[in-house]
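# Analysis of the macromolecular model
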Amino acid sequence: SNADNAKLLRSSEYPNPIGTEISGNEKANYYATKFFVEFLKATNDPRMGSLLHRYPGALTATAQTADRRTKDPVVAKGMPLGYNDVTIAQTFAAEGVLSMYDFSQFDWLVVFTNQSPQWYCTYSQTQLLLAEAIVRGWATGDAAACYTNAVRADLQRMADFGTQAEIPAPTVDAYVTANPLVAGNEMKMISDQYWVVSIPNGFEGWSNFRR
């Protein structure tokens with residue numbers, strides 16, 4: 001269960017390095033990609049409301065003020081890949097933003113703070129690997145049940161970021177019921193979820209992508 005998650009707790013004396021970086025001069029540059037946002041939006045994934053925030057209409061980093069801040073998943077805007085801080089301006093009109101500071105970012109006030117925990121191995125990841133092993137014929141069991149266990153546990157894991165990120169139990173139940181593992185598409189769905197549940201351990205997500 002999530003009680004077995006291998007995680008490193010952080011404190012003001014031993015801060016989370018991602019949080020330290022973002023709370024310095026880089027907070028305006030930790031964007032959520034368009035692919036990630038659209039992936040979560042496709043299933044109304046409640047983790048988007050936990051992980052992201054946006055400052056609609058912000059033209060500069062200093063314009064990312066509390067009165068602009070929103071965690072509403074409906075207005076989330078992911079940043080397209082393949083541009084630098086100059087050429088990204090080509091996308092503003094099509095994406096419906098005014099500047100690069102207008103795109104959604106990982107919420108540095110909730111999930112990427114100096115005291116946010118860091119995960120190294122989770123129940124969700126383990127259940128997804130078990131689901132893959134079953135699909136490949138390397139193990140016996142119910143791959144669909146493992147997949148559901150993994151997604152449910154990761155939605156529940158959001159509570160570890162604090163009350164602002166916690167997803168209500170009825171929402172968790174409704175989401176996992178509406179999004180089961182689909183026969184014939186197992187490997188893609190398992191791999192996609194492994195990518196999401198690995199946040200914020202980018203090294204693990206990247207290693208699984210390479211695998």
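Owing to the predicted nature of the structure, the values given are computational and were not obtained by experimental measurement.

### So, the packing of helix α6 (residues 143–157) against helix α8 (residues 186–197)
At a minimum axis separation of 11 Å, α6 and α8 run at an interaxial angle of 20 degrees. Looking at the two axes, α6 sits roughly parallel to α8. Considering how the two elements wind past one another, α6 and α8 form a crossing that is left-handed. Contacts from Tyr147, Val151, Asp154 and Arg157 in α6 reach Met189, Ile190, Gln193, Val196 and Val197 in α8. Class assignment of the residues belonging to the contact of α6 with α8 gives a composition of six nonpolar, one polar and two charged.

### Some points on α8
The terminal C-alpha atoms of α8, which comprises twelve residues, lie 16 Å apart, in line with the 16 Å expected from a rise of 1.5 Å per residue. When α8 is considered as a whole, its buried residues turn out to be Met189, Ile190, Asp192, Gln193, Tyr194, Val196 and Val197.

### What to know about the packing of aromatic side chains
Considering all chains together, one arrives at ten aromatic pairs under this definition. An angle of 65 degrees between the planes, with centres 5.1 Å apart, marks the rings of Trp119 and Phe161 as edge-to-face. With a gap of 42 residues between them, Trp119 in strand β4 (residues 118–121) and Phe161 in the loop between α6 and α7 (169–178) connect regions that are remote in the sequence. Each member of the pair, Trp119 as well as Phe161, is classed as buried. Three or more aromatic residues link up through ring pairs in this structure, and these residues are Tyr30, Phe35, Phe36, Phe39, Phe106, Phe112 and Trp195. Sitting above the plane of the Tyr14 ring, Arg10 keeps its charged end 4.3 Å from the centroid. Its guanidinium or amino end placed over the ring of Trp119, Arg157 lies 4.5 Å from that ring's centre, counting from NZ or CZ.

What counts and how
Residues numbered from 1 in each chain as written. Predicted model: local features only at pLDDT ≥ 70, side-chain atom pairs only at ≥ 80, totals over all residues. Heavy atoms only, no water. Axes fitted to C-alpha atoms, helices over the stretch in contact; angles between N-to-C directions. Helix = DSSP H or I, 4+ residues; strand = E, 2+ residues; numbered from the N terminus. Parallel < 35°, antiparallel > 145°, perpendicular 65-115°, else oblique. Left-handed = near helix turned anticlockwise from the far one by under 90°. Contact = heavy atoms within 4.5 Å. Nonpolar A, V, L, I, M, F, W, Y, C, P; charged D, E, K, R; others polar. Expected span 1.5 Å × (residues − 1). Buried < 20%, exposed > 50% of the residue type's maximum accessible area, 1.4 Å probe, protein only. Phe/Tyr/Trp six-rings, centres within 6.5 Å; stacked < 30°, edge-to-face > 60°. Lys NZ or Arg CZ within 6 Å of the ring centre and 35° of its normal.

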